[in-house]
Amino acid sequence: MNLPDRFHALTTLLHAHEPLWKPAPFCFPVLPWESQHPALSQQLRSLDDNNVRQLESDQAALIAWLEPHLPELVHITALTEVAALHATPHSYPDRFEHDIPGRKWQQVTAFAGCIDALDSPVLEWCAGKAHLGRAIHHRFRQAVTSLEWNKALCEDGEHLGQQHHCDVHLQHCDVMSPAADTFVQQHQHAIALHACGDLHRRLLQLTAQHGNTLHLSPCCYHLTSNDRYLPLSQTAQRSGLSLQRDDLRLAVQETVTAPGSVARLRELKSAYRLGFDLLQRQLRQQDHYLPVPSMADADFQQGFRHFCRVAADLKRLPLPEQVDWEHWEALGEQRHTEVSRLELPRHAFRRALELWLVLDYALFLEENGYRIRLGTFCDRSLTPRNLLLTATRQGTDLSQ
Ligand SMILES: C[S@@+](CC[C@H](N)C(=O)[O-])C[C@H]1O[C@@H](n2cnc3c(N)ncnc32)[C@H](O)[C@@H]1O
């Protein structure tokens, strides 16, 4: 299926199921779709913990479980399938990966291995310590300029480049500033591993202006200064699918299966947040979800009462002298049990939404004269953000 056909089919599927994936269950005591799908709601609520864990971690099993209730889901697997890119192994010197967390190094080498040819200078976008830049330099022997706005990361990256004798140089630069434009040039390969929302969308726009080659693995689509998603391609602008910033979060909700202790902390955080939410609804006499910003792990590890005090401070919500903490904590746990089940239908649409966004990028570049290659650069167990979009201006030699 070509890119526009796949994009249109995904638009139709996402449109038709908006009531199922748009409302986030933690905001609503009863979800609007439950009255339309009472059997689905009832069966979800009666799943045991093992079933929930299995359906959370196995997309194919989840789709199969949902299909009797939502028959159109039969198409979602084929529509969201993305083939693995061909990878060329490369051997790096001993200790080249020293100082790089294991999972990050595997992502970096997988990304670098999926680039076929590269014989012009490289621009690395949102580089961190330029781990990808060094790997690309080692494989293709091209000079790399790496843009990063965190000064300490720039210094560490520069030092690592010298240590490994790589022609990789960090530039302290905010990629959203006009100064970043001057770094993007036509005869160049721009690379970006896990550049977030607006940051990767700026690179897409500069690429269309300058005609460079692009290798992008996007992440955190929801990190944007706009409340509403502004599609880049004309095709998506005409699609009629309208996304708010919060809708975009769904695209990155899939996480790597975490070790037991991390998974337990995740559950505890959810239960505490939901317990606090029920408490604040009662205190404010308003049946609306109150978003609480992200908080340090330590605030959760010191118990429910401590968490609520910090959350209430952040929201300037006065707490009464007497609160039955055990009661609200138990209600939070109950709500977490319920929410983790009612989230499952939304989860079926995570990859579809992510792919819709990445196809918007691909179509935008196609509309600007680019040839596109889209595939996965690693297994989802290494990172669920495993899509790699390569775009080459038509008429440009693939190696340019
Ligand atoms: C998710 S990390 C990815 C880093 C690196 N590409 C990697 O995969 O290891 C995103 C990086 O973007 C940097 N960043 C965030 N906003 C930026 C901006 N406005 N300009 C330049 N870099 C930015 C962050 O400091 C961080 O190092």
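What counts and what doesn't
- Residues numbered from 1 in each chain as written.
- Predicted model: local features only at pLDDT ≥ 70, side-chain atom pairs only at ≥ 80, totals over all residues.
- Near = placed C-beta within 6 Å.
- Helix = DSSP H or I, 4+ residues; strand = E, 2+ residues; numbered from the N terminus.
- Nonpolar A, V, L, I, M, F, W, Y, C, P; charged D, E, K, R; others polar.
- Pairing = 2+ DSSP bridges.
- Axes fitted to C-alpha atoms, helices over the stretch in contact; angles between N-to-C directions.
- Contact = placed C-beta atoms within 7 Å.
- Parallel < 35°, antiparallel > 145°, perpendicular 65-115°, else oblique.
- Left-handed = near helix turned anticlockwise from the far one by under 90°.

Right, let's get into the site of the ligand. Around the ligand, a shell composed of 17 residues is seen, among which C126, G128, W149, V175 and L193 lie nearest. Of all the secondary-structure elements, those providing two or more residues to the shell around the ligand are α8 (131-140), β2 (144-148) and β4 (189-196). A breakdown of the residues in the shell around the ligand according to their chemical character gives ten nonpolar, four polar and three charged.

In this structure, K151 sits in helix α9 (residues 151-163). Residues K151 and C173, 22 residues apart in the sequence, show an inter-C-alpha distance of 8.9 Å.

Turning our attention to the sheet that holds strand β7 (residues 387-393). Reading across from one edge, β3-β2-β1-β4-β5-β7-β6 is the order of the seven strands in this open sheet, with mixed pairing throughout. The sheet terminates laterally at β3 (168-172) and β6 (370-376), the two strands that pair on one side only. On average, each strand axis in the sheet is tilted by 15 degrees relative to the strand beside it, whichever way the strands run. As judged from the three bridges shared by strand β1 (residues 122-124) and β4, these two strands associate in the parallel manner. Bridging from a neighbouring strand, E124 pairs with I191 of β4. Across the sheet, helix α10 (residues 197-210) lies against β4, β5 (213-219) and β7, angled at about 160 degrees from β4, the strand it touches most.

Between helix α13 (residues 260-284) and helix α15 (residues 304-314), the least distance of the axes is 10 Å, while the angle of their chain directions is 60 degrees. It follows that α13 is oblique to α15 by the angle criterion. Classified by chirality, the crossing of α15 by α13 is right-handed. Mapping the contact onto sequence places Y272, G275, F276 and L279 in α13 and F304, F307, C308 and A311 in α15.

What is shown is where atoms sit, not what they do.
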